[in-house]
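Given next are the chains, with one letter for each unit.
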Amino acid sequence: MKSVLVLGGGFAGIEAAIYLKKANYNVTLVSDRDYLFIYPTSIWIPTGNAKFSDICIDLNELKNVHNFNLIVDGVQTIDAKNNSYTLKSGKTLEGFSHVVLAMGASKMKHKGIENTLSICGTPEQSLQIRDKLDELIKKGSAKICFGFGGNPKDTSAVRGGPGFELLFNVHNMLKKKGIRNNFELTFFAPMPEPGKRLGPKALKMMDSFFKELNIKQHYGKKIKEFKGDSIIFEDDSFLESDFTMFIAAGDGHDVVKDSDLPTNEAGFISIDDNCRVIFEDSNMPKNIYAIGDIAALQGADWRAKQGHIAEVMARNAAFNIIQTDKGLSDFKGYQEHLNILCVMDSGNGASFIYRDSTKAMMIPLPIVGHWLKRAWGKYYKLSKLNKTPRIPGM
Ligand SMILES: Cc1cc2nc3c(=O)[nH]c(=O)nc-3n(C[C@H](O)[C@H](O)[C@H](O)COP(=O)(O)OP(=O)(O)OC[C@H]3O[C@@H](n4cnc5c(N)ncnc54)[C@H](O)[C@@H]3O)c2cc1C
């Protein structure tokens, strides 16, 4: 039986492991957490609309349902040339027929970042944001700033959507409590038009949402430093902030940057359309795949690292591994599937956002949009655990 090593237990790694197990591979998955974190629905943890456990899937449960081998440990070093992978515990994994890299991204490191919390950081930060908001609500009033940053070396790694979602959810939570007027909410970003890649219509709509909800906007100035009580910009102007929620853009995974894997300028792994890692040296292995946020996506300027793209890449990589072992050369590519697809939640509704190479749209879905996203979260969990049939492509 051929063996596959999958590094990373997020959207991409789990999907690849499930598909490879279905094809009877001996799959070993390594994750530094013992749970899969469903990031898209974690936006409700800070406002108390979801419990931490609602957002997690126990990897041991997934392992038992799908029958893969699980090692809970951190990958410390990658030696692609020798097909050798060392873990934090000191263990070395070697000799697998194929390797799938799916450890996600690291984050850009800004000065003073420790004075902020991110909804896209470690899962535990969602709880810390909740505690901070509770503290400020008890205090009775505050200035809260929400923002995201860029990565000039790879714009696909910028993640702003969850920042908008959390901000709208916090606005609605404060409104429900009848204390919204005591809080100054500001959205900030270094780019002049944050959210531009969602399309011109979305940009206009976001602007009108902010005005309607009395949320201040501060755009177009590079961030110099985060302090405990403020955000300092390139021209030394500043925003006062009792609490800053800041999503640093993704950056190449630190373990990848220290390895012999080929990367783009930002440190994301260079792959071809079939998710196979492209080494310039023809003596390097041809059995390594990279999927999800860890990989350098190629394509239109607006392309973005998203969960559904990570899953398409996972299914394609699994398919391409199977084809390779059958001696076939009919492979599947991810680029034709690139689009932006999200249901941007506000706590009392949502907006459906879609962009591909021919169209860009944003459709408000009051009330029902929120429940659609909640239903998706439940579906994701149950379908991965084989408790409900999978809808093709989801
Ligand atoms: C708050 C939030 C909301 C989002 N909303 C949406 C949305 O609405 N729609 C959408 O399509 N996408 C959304 N995304 C993006 C989506 O979640 C990501 O694109 C997706 O999680 C990428 O999957 P991945 O498996 O590549 O990486 P990850 O989900 O980051 O998983 C990587 C895994 O690897 C593990 N790992 C990391 N380093 C190591 C190591 N050294 N050793 C072992 N294991 C390691 C991690 O523990 C993790 O389990 C959102 C993201 C966030 C953060």
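Computed from a predicted structure; not experimentally measured.

Caption draft 1: Looking closely at the site of the ligand. Around the ligand, the surrounding shell holds 30 residues, and the nearest of these are A12, D32, V75, D293 and G307. One nitrogen or oxygen atom from the side chain of H253 is found 3.0 Å from a nitrogen atom belonging to the ligand. Between D293 and the ligand, the recorded distance is 2.9 Å, taken from a backbone N or O atom to an oxygen atom. Protein contacts shield 91% of the accessible area of the ligand, which totals 990 Å² for the unbound molecule. Counting only elements with at least two residues in the shell around the ligand, the list comes to α1 (11-22) and α7 (307-325). If one sorts the elements of the shell around the ligand by residue count, α7 sits on top with three residues. Within the shell around the ligand, the residues separate by chemical class into eleven nonpolar, twelve polar and seven charged. Counting only domains with at least three residues in the shell around the ligand, you end up with domain 1 (3-105 + 252-337) and domain 2 (109-249).

Caption draft 2: Region of the structure containing the layout of surface pockets. Its boundaries defined by the atoms lining it, the second largest pocket holds a volume of some 360 Å³. Along its surface, the second largest pocket is lined by 18 residues, and N172, F209, L213, S346 and N348 are the ones closest to its centre. Where the lining of the second largest pocket is concerned, the elements lending two or more residues are α4 (161-176), α5 (200-212), β20 (340-345), β21 (349-355) and β22 (360-366). Its residues assigned to classes, the lining of the second largest pocket shows nine nonpolar, six polar and three charged.

Caption draft 3: Summary view of the domain arrangement of the protein chain. Taken as a whole, the protein chain is organised into domain 1 (3-105 + 252-337) and domain 2 (109-249). Each side of the interface is counted separately: domain 1 has 24 residues, and domain 2 has 24 residues. On the domain 1 side of the interface with domain 2, the three residues burying the most area are I43, P46 and T47, jointly 30% of the side's total. One can count three salt bridges joining domain 1 with domain 2. In this structure, the salt-bridge partner of R159 is D293, at a minimum N-O distance of 3.3 Å. Linking domain 1 with domain 2 are seven residue pairs in polar contact (both at pLDDT 80 or more). Here the residues of the side of domain 1 that touches domain 2 are counted per class, giving twelve nonpolar, five polar and seven charged.

The rules behind each value
- Residues numbered from 1 in each chain as written.
- Predicted model: local features only at pLDDT ≥ 70, side-chain atom pairs only at ≥ 80, totals over all residues.
- Heavy atoms only, no water.
- Near = heavy atom within 4 Å.
- Polar contact = N/O pair within 3.5 Å; in protein donor to acceptor, adjacent residues only side chain to side chain.
- Areas by Shrake-Rupley, 256 points an atom, 1.4 Å probe, with all protein chains shown as cover.
- Helix = DSSP H or I, 4+ residues; strand = E, 2+ residues; numbered from the N terminus.
- Nonpolar A, V, L, I, M, F, W, Y, C, P; charged D, E, K, R; others polar.
- Domains from an automatic or database assignment.
- 1 Å grid on protein atoms, 1.4 Å probe; cavity = no way out; pocket = protein on both sides within 12 Å on 5 of 7 lines; lining within 4 Å.
- Points joined across faces, edges and corners; volume = space filled by probe spheres on them.
- Contact = heavy atoms within 4.5 Å.
- Buried area = accessible area lost by both parts, 1.4 Å probe.
- Salt bridge = Lys/Arg side-chain N within 4 Å of Asp/Glu carboxyl O.

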